Amino acid sequence: MTTTEKHSPTAAGSGASATESFRRASAEGGAAVDPQRVDAVVRAVLEGVHAAIRTHEVTYAEFQAAKKWLIEVGEGGEWPLFLDVFVEHVVEEVAAETQQGTKGSILGPYYLPGQRRLPSPATLPQRPDEGGTPLVFTGQVRDVDGNPVAGAELDIWQADEQGYYSGFAPDIPDGNLRGVVAADDTGRFEITTVRPAPYQIPTDGPTGALCAAAGWEPWRPAHLHLLVRAPGHRQITTQLYFQGGEWLDADIAGATKPELVLDPQPQADGRLRAEYDFVLEPVA
Ligand code: DHB
Ligand code: FE
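Residues numbered from 1 in each chain as written. Chains lettered and ligands numbered in written order. Predicted model: local features only at pLDDT ≥ 70, side-chain atom pairs only at ≥ 80, totals over all residues. Heavy atoms only, no water.

- The chain carries the name Catechol 1,2-dioxygenase in an unreviewed UniProt entry, which gives Pseudonocardia adelaidensis as its organism.
- Its UniProt record gives the chain the following Cofactor (unreviewed entry) comment, quoted word for word: "Fe(3+)".
- In UniProt, the chain has this text filed under Sequence similarities (unreviewed entry): "Belongs to the intradiol ring-cleavage dioxygenase family." (UniProt positions renumbered as here; feature names shortened; annotations may be inferred.)

Shown next, in the form of C-alpha cells:
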C-alpha cells in the first residue's frame, strides 16, 4: 500500500487531537493575567466586533449564523486550528519585536514534545514507503556574533507528502517525520527527510466552511517546523518554506517571511539539498 491510499484526517479528529495536545502543553501554565490587561484587551476586541456590526449593518440572521458557527467551532475542537491560522501570526509579530537572529514564525497546532533524539547526521523517522522527494537539509547554528553554538538542538516536525501530520491524522505512525536533532560541536547539522506537501485546512469542519463561505483558499505553503535551542540562548520557533512553492504568496495563516524560504537544489542522486543557517541570541 502506498501512502496515497490511506485515510484523510477529519476536521473533528484533527481538532480533538490538537485540543488535547494544547491542554497537555498548557496544563501547568495559566499565569494570572492582570485585570487591567483583561479589561483593556477584551474591551478592544469587543469594540472591534461592535464596529464591524455597525459598519456592515449586520442583521439578526447574520448574528445567529455567527453564533451557530462559533458553537460548532467549540464542539468540533477546532479552536486551536482556527486561532493558529487566523490569529497567531500577529502574536508572533509582536513577540518578534524583541527578537534578534533568525526570524520566527507561528508554532501552529501540531507540535508534539518529547520526540526521538537523533545525533546529526540524522534521518527523520519515516515509513518504509514514505512518499515525497528525499530532502537533505543542512546548516549551522551560530550566535549573533557569528560564533558556532555548541549543544544546539533542532526540534523538527513536518507534514508528509499528503500534507498530513503524525499524531493528527489516522494511519501515520507516532513520531513519523518528527525528531530532535542534536547538532555537532560546531553547531552543524544534517537532516535527511522528505519534502512536505502544502497543508490544507480540513474542509469538513467549521473553519473549512468559513473559508468556503468567504471564498478564501484554505491552504498553507509546504513548510518545515522548527524549534531551535541551545543552552544560554533564546529558543526560536520558526518555519521554513520552499522557493517557488504553491501558496507561498497566499498563506492563509499569514506566517511566511521572505527570510524563511529554502531554495532546494536537485542532486545527481535525485535528492534535494537545502541549506539554512540559524542565528540565536543570548538569553536576556
Ligand atoms: C495550522 C496548521 C499548520 O500546519 C500550521 O503550520 C499552522 C496552522 C492550523 O490548521 O491551524
Ligand atoms: Fe504546519
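Past the structure itself, the notes keep going.
### What to know about the site of ligand 1
- Not every one of the 13 residues close to ligand 1 is listed here, only the nearest: Leu81, Tyr165, Tyr199, Arg220 and His225.
- One of the side-chain N or O atoms of Arg220 is found 2.7 Å from an oxygen atom in ligand 1.
- Coverage of ligand 1 by the protein chains reaches 100% of its 290 Å² of free accessible surface.
- Taking a 2 Å distance to the grid points as the criterion, the majority of the atoms of ligand 1 fall inside the largest cavity.
- Contributing elements (two or more residues each) for the shell around ligand 1: helix 4 (79-86) and strand 9 (223-229). (Near = heavy atom within 4 Å. Polar contact = N/O pair within 3.5 Å; in protein donor to acceptor, adjacent residues only side chain to side chain. Areas by Shrake-Rupley, 256 points an atom, 1.4 Å probe, with all protein chains shown as cover. 1 Å grid on protein atoms, 1.4 Å probe; cavity = no way out; pocket = protein on both sides within 12 Å on 5 of 7 lines; lining within 4 Å. Sits in = over half its atoms within 2 Å of the grid points. Helix = DSSP H or I, 4+ residues; strand = E, 2+ residues; numbered from the N terminus.)

### Examining the pattern of salt bridges
- All told, the structure shown has 13 salt bridges when counted by the stated rule.
- Between Asp269 and Arg271 there is a salt bridge, and its shortest N-O distance comes to 3.1 Å.
- Given a relative accessible area of 31%, Arg271 falls into the partly exposed group.
- In this structure, a network of salt bridges that share partners links the residues Arg117, Glu153, Asp155 and Arg229. (Salt bridge = Lys/Arg side-chain N within 4 Å of Asp/Glu carboxyl O. Buried < 20%, exposed > 50% of the residue type's maximum accessible area, 1.4 Å probe, protein only.)

### Things to note about the environment of Glu57
- Mapped onto the elements, Glu57 comes out in the loop between helix 2 (35-56) and helix 3 (60-75).
- Take Glu57: its relative accessible area is 65%, and that puts it in the exposed class.
- Excluding residues within four positions of it along the chain, Glu57 makes contact with Ala52 and Glu62. (Contact = heavy atoms within 4.5 Å.)

### Re the coordination of the iron ion (ligand 2)
- The protein atoms donating to the iron ion (ligand 2) are Tyr165 (OH), His223 (NE2) and His225 (NE2), with metal-donor distances spanning 1.9 to 2.1 Å.
- Mapped onto the polypeptide sequence, the residues donating to the iron ion (ligand 2) form the spacing pattern Y-x57-H-x1-H. In this pair, Tyr165 sits in the loop between strand 4 (153-158) and strand 5 (178-182) while His223 sits in strand 9, placing the two residues 58 residues apart along the sequence. (Donors = N, O, S within 2.8 Å, 3.2 Å for Na, K, Ca; no water.)

### Let's talk about the sheet that holds strand 4
- The six strands lie next to each other as 1-5-4-9-10-11, forming an open sheet whose pairing is mixed. Edge positions in the open sheet fall to strand 1 (117-119) and strand 11 (261-262), since each of these has one partner strand only.
- As defined by bridge partners, strand 1 adjoins strand 5 across three bridges and the pair is classed as parallel. Bridging from a neighbouring strand, Pro119 pairs with Ala182 of strand 5. (Pairing = 2+ DSSP bridges.)

### Thoughts on the pairing of strand 13 (residues 272-275)
- Because side chains alternate across strand 13, one face comprises the buried residues Leu272 and Ala274, and the other comprises Arg273 and Glu275, none of which is buried.
- In this sheet, strand 13 lies alongside strand 3 (residues 134-143) in parallel orientation, the contact comprising four bridges. For Thr138, the partnering residue across the bridge sits in strand 13 and is Glu275.
- Inspection of the sheet shows strand 12 (residues 265-266) paired to strand 13 by two bridges, in the antiparallel sense.

### A look at the UniProt feature "domain: Intradiol ring-cleavage dioxygenases" (unreviewed entry) in the chain
- Per the UniProt record, "domain: Intradiol ring-cleavage dioxygenases" (unreviewed entry) is found at residues 137-165.
- When the span residues 137-165 is considered, its composition is 0% helix and 45% strand, and the gap between its end C-alpha atoms is 19 Å.

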